[in-house]
Amino acid sequence: MKRLFFIFLILIIFFFNAKEVPKYKDKGFIRNNNMEDEVICLGPRFSNYANTISVPSAGFKIKLKGKNKFNIFKVDICQMDKEKTQEIIFGVYKKSPHHRVMAKRIFIYNFTDKFVPKYRSSRLSKPLLDYMVKKENISKIYAILKTRNSKNVEVYIYDKFSFKRIYTYNLEKYEDIKFKNGNILVKDKGRWKIYEKVIS
């Protein structure tokens, strides 16, 4: 009886985890400047990653499998250069052709009737831990990077088919760093405090 109960419980857990739900989404002008499209990334209920991408207004949906999985943990739509349409920025956790280890990376895509890669970063100057996007006419990427003994924040823009670093903070003296609600937070003497408000 106990064995049947556990089998039943496992099946229930498997069923709920197998069902995909929206994990990350954003809206923007990815096809033209007259109408916004919403990009929705779906994944299993109990997972932090998404591997199904949907653009409902374009009737588009794709499920990434096997080696093609992105393991998306973030999505933003913004203007990365001076082109007419906006770009889709995916935060992904995967290997790259030139860096064959699982790691967080930033991929930039355009969308017409399908996703077209614009730039797929192998890595920034150091291993990526987290990032946030400040949406502007030319958007900026604020990245928390792992240094030799600590962490630091660097700022990048997309320039000439690559990421260009435009600013480096001096935060390695702090115990920890994180992003929250558009702010850079630092941990000093065991307490978190706002170091800078990036996105108002």
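As the structure is a prediction and not an experimental result, all values here were calculated from the model. (Residues numbered from 1 in each chain as written. Predicted model: local features only at pLDDT ≥ 70, side-chain atom pairs only at ≥ 80, totals over all residues. Heavy atoms only, no water.)

Take the overall build of the protein chain next. What the protein chain contains, in helices and strands, is one helix and 15 strands. Along the longest, intermediate and shortest principal axes, the C-alpha atoms of the protein chain span 60 × 50 × 35 Å. Within the protein chain, buried positions represent 42% of all 200 residues. Here the contacts in the protein chain between residues at least 6 apart in sequence split such that 37% fall between residues at least 24 apart. Element-wise, carbon and sulfur atoms account for 53% of the exposed surface of the protein chain, whose accessible area totals about 12500 Å². Taken as two groups, the 43 positive and 19 negative side-chain charges of the protein chain have centres that lie 8 Å from each other. (Helix = DSSP H or I, 4+ residues; strand = E, 2+ residues; numbered from the N terminus. Buried < 20%, exposed > 50% of the residue type's maximum accessible area, 1.4 Å probe, protein only. Contact = heavy atoms within 4.5 Å. Areas by Shrake-Rupley, 256 points an atom, 1.4 Å probe, with all protein chains shown as cover. Lys, Arg positive; Asp, Glu negative; His and termini not counted. Charge placed at Lys NZ, Arg CZ, Asp CG, Glu CD.)

As a further point, take the pattern of salt bridges. The full count for this structure, using the stated rule, is 13 salt bridges. Across the salt bridge formed by R31 and D37, the nearest N and O atoms sit 2.9 Å from each other. When its relative accessible area of 30% is taken as the criterion, R31 is described as partly exposed. One salt bridge connects K151 with D176, and the closest N-O pair in it is separated by 2.7 Å. Of this pair, K151 sits in strand β11 (residues 151–158) while D176 sits in strand β13 (residues 176–180), and the two are 25 residues apart along the sequence. A relative accessible area of 26% means that K151 is categorised as partly exposed. The partly exposed category is assigned to D176, whose relative accessible area is 23%. One network of salt bridges, in which partners are shared, links D81, E83, E87 and K118. (Salt bridge = Lys/Arg side-chain N within 4 Å of Asp/Glu carboxyl O.)

For the rest of this paragraph, the subject is the environment of T52. Looking at the element boundaries, T52 is found in strand β3 (residues 52–55). When its relative accessible area of 1% is taken as the criterion, T52 is described as buried. Put simply, T52 and E20 are 32 residues apart on the chain and 8.4 Å apart in space, counted from C-alpha to C-alpha. Leave out the neighbours within four places in its chain, and T52 touches E20, I40, C41, L42, K61, I62 and K63. Side chain to side chain, T52 and E20 meet in a polar contact 2.8 Å long. (Polar contact = N/O pair within 3.5 Å; in protein donor to acceptor, adjacent residues only side chain to side chain.)

A word on the pairing of strand β4 (residues 60–63). Bridge analysis of β3 against β4 gives four bridges, and the strand direction is antiparallel. In the strand pairing of β4, V55 is matched with F60. Once β3 ends, the chain turns through four residues before running back antiparallel as β4, passing G59 with a positive phi of about 65 degrees. (Pairing = 2+ DSSP bridges.)

On to unusual backbone geometry, then. With a phi angle near 65 degrees, F161 is a residue other than glycine that sits in the positive phi range. On the accessibility criterion, F161 (68% relative accessible area) is exposed.

Purely geometric numbers; function is a separate question.
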